[in-house]
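The chain contents come next:
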Amino acid sequence: MPSRFSFLSARFALAPIALAFAVTGCIDSGSGSGGSDQATKQRNSADQACENPGNSQAPQCELPNPVLVSCAEGSPREGGRSYSVSLSSASNETITFQVLEPKGGIDCEAGHPLVLQGHGFGGSRSTNGFDSYREAGFAVISIDQRGFGQSSGTVRVMDPEFEGQDLVQILDWAEANLDYLQFRNEADLPEAMNPNLVAGAIGGSYGGGFQFLLHGLDPKQRLDALVPDMTWNDLRYSLNPGDVIKTGWDLVLVGIGESGSYRNGNSGLDPIMKEVLAQGASLNRFPEAGLDFVYYHSPAYRCAGTALSVSEDTDLVSYQMNPPAFDVPPTPFNNVDVLLTQGMKDTLFNFNEAWRNFSCLSAQTDGDIRLLTHQTGHVLPVEAPDAAQPGTYIDPAAGLLEIPGFQGAAGKFHCGSISIADATLNWLEHHLLGKPLAGYFDGTESNVCLSLADDQSVLVPMDSFPAPASEDQLLTGRYAVERAFASAQPVASGYEAAATVTQPPQALFLGKVGEDGGVLGGIPTMQLTVSDLAGKTSCDSELGPYAPGCDPIVFVGLGKRAEGESRWDLIDDQVMPVRGLKHEAVIQLVGVAESLAPGDELALLVTGYHLQYPVSWSRDAQVPFVNVSGTVQLPMLEGTLTETP
């Protein structure tokens, strides 16, 4: 099995930028080991279809022997083979997936749990690999999601009404055709659902999104254990944080999605997605109907429990021609065991998304819910090396000139000494096969594992984890350290900022780390005032938030520099946009985790332009500069922070 199920390749070490928007039960004596007559007929039909490659609606098999493995009398039981299956979907498209049989022989008495695997955005199914899973006794199904690989249709980005129905159909097919799968009685399920298929799921980014979608949608509640890596909670936040389009990643996603779909003869992004993104780019803001559309495709939709209705006054042509139904209710998640993993350096789906998923699942289910982080994720390592920065070799230039970058390189796919790849397999072995959890999981049942750097991590208690209670509240509690700040000079916004991209962010000093060092970890907050040069902090309500004179944009993040250094580094490469004039507005910054050396200095870095948002800076020429002031609440897990430079 590949070591990652990622949006991007490997650890996102991009030579050229090659990207991608990046399952289970025991057959009891009552169900018999031979399978039903219907299932036998389906297998015989599949065998004939494998010998008839001209039949495009039938399974396509890459088998040396087209007779499929089965527990039926006289059938082969050696396993270890791989073959593809194509089905006709409810939307009259083709669903294609790969069945990878367990290795080492089929156990018809105990049965084999099923693991579903999903690829990253723009990717396609795997036709081989997963050896450690298959040798452990799992059957694996790797899926071509709608619009990718050999699954046809437009890409709806995990729409419950399209991708969701396809995923349920795959599980139905597996249950009807793979008679060696395992079933068991689940105490929290009604009698009609027992015995229930034993199933789990793995995948990163888009391959994590499908897990939440299928688990929430499956009427038979067949998914028992999930391991979604670096995936989203709310696509409105992912793609449009602070009401500012994340154009760096959004443009990459469009390119990867389109190329990944079209290269296989598919139709690319759905017309709704294309129109939403095109209108957002032209207006420099997401259309409201588009925000509803992507919210419906997010775990946050079930977490919040608030239903949607289709807007009747939208100006989206695609809505008027073929509007979404929004007919899947936002019911809470059912019980499930979930190992959430997320990259601290992920600038598309950041730590806040993982924390929100963790909080939602912990509140809605009685499952085993854990959270581990690592040093990779959606990472575009595009920046000048330190040696090329003017501040490195011409010290006075450190405050005058800086080559801007997107972000630094990724690190290890570990939380300290814990390999996330190993933990993923062990999690499914424990919850689906009944094997013990590895010793490295000790403590994670009550603590979040925060990755500070390669091979360095800290366990933070879940019940006092430093994160705001809600998006409109400031960080409080035992770890919160508050500092005041104010810009010493105006911060450029809009055209002025875009014209001076080589000017470093303004650093608003927050404190110096004490002699014992420290650890910063959690989700910081701030209470922020943004005013124009006349001191105005709000606009008349009738003007609207995007009216001239009302629409500056600044980008804020936490910075660190070592004692004696002149350049500031953006911690974990995380930046948060702030749009509009503000008066003591509560802003939730992006979660960070960082080890601090004695003498390190912390600052709030503020700028009007950042390469993660390359074409979504302010277009308001009436507000070329702003002043910022307020307080920031820092999650200091260890150490002290002095108030003097």
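No experiment lies behind these values; they were computed from the predicted model shown.

**A few points about the pairing of strand 19 (residues 525-531)**
Piece 1. Buried residues dominate strand 19, accounting for six of its seven residues.
Piece 2. Judged from the five bridges that link them, strand 19 and strand 23 (residues 582-588) form a sheet pairing that is antiparallel. Of the residues in strand 23, the one forming a bridge with Leu 528 is Ala 585.
Piece 3. Across seven bridges, the pairing between strand 19 and strand 26 (residues 625-638) is antiparallel. Across the sheet, Ser 531 pairs through a bridge with Asn 627, a residue of strand 26.

**So, the packing of aromatic side chains**
Piece 1. Tallying each qualifying case throughout the model produces 19 aromatic pairs.
Piece 2. Between Tyr 133 and Phe 138, the ring centres sit 6.1 Å apart and the planes meet at 50 degrees, which makes this aromatic pair tilted. Accessibility classification places Tyr 133 together with Phe 138 in one group, the buried group.
Piece 3. When the ring of Tyr 295 is compared with that of Tyr 301, the centres are 5.8 Å apart and the planes differ by 90 degrees; the resulting orientation is edge-to-face. Residue Tyr 295 shares its accessibility class with Tyr 301, and that shared class is buried.

**A word on the state of the cysteines**
Piece 1. Across all of its chains, the model carries four disulfides by this definition.
Piece 2. A sulfur-sulfur separation of 2.0 Å characterises the disulfide bridge that pairs Cys 71 with Cys 108. When the S-S torsion is -95 degrees, as for the bridge of Cys 71 with Cys 108, the disulfide is left-handed. Of this pair, Cys 71 sits in the loop between helix 1 (37-50) and strand 1 (82-88) while Cys 108 sits in the loop between strand 2 (94-100) and strand 3 (114-118), and the two are 37 residues apart along the sequence.
Piece 3. Through a disulfide, Cys 303 is tied to Cys 360; the S-S separation comes to 2.1 Å. Negative torsions about the S-S bond denote left-handed disulfides, and the value of about -95 degrees found for Cys 303 with Cys 360 makes this one left-handed. In this pair, Cys 303 is assigned in helix 9 (residues 299-304) and Cys 360 in helix 11 (residues 351-364), connecting sequence segments 57 residues apart.

Procedures and definitions
- Residues numbered from 1 in each chain as written.
- Predicted model: local features only at pLDDT ≥ 70, side-chain atom pairs only at ≥ 80, totals over all residues.
- Heavy atoms only, no water.
- Buried < 20%, exposed > 50% of the residue type's maximum accessible area, 1.4 Å probe, protein only.
- Helix = DSSP H or I, 4+ residues; strand = E, 2+ residues; numbered from the N terminus.
- Pairing = 2+ DSSP bridges.
- Phe/Tyr/Trp six-rings, centres within 6.5 Å; stacked < 30°, edge-to-face > 60°.
- Disulfide = S-S within 2.5 Å.

Purely spatial values, then, with no claim about function.
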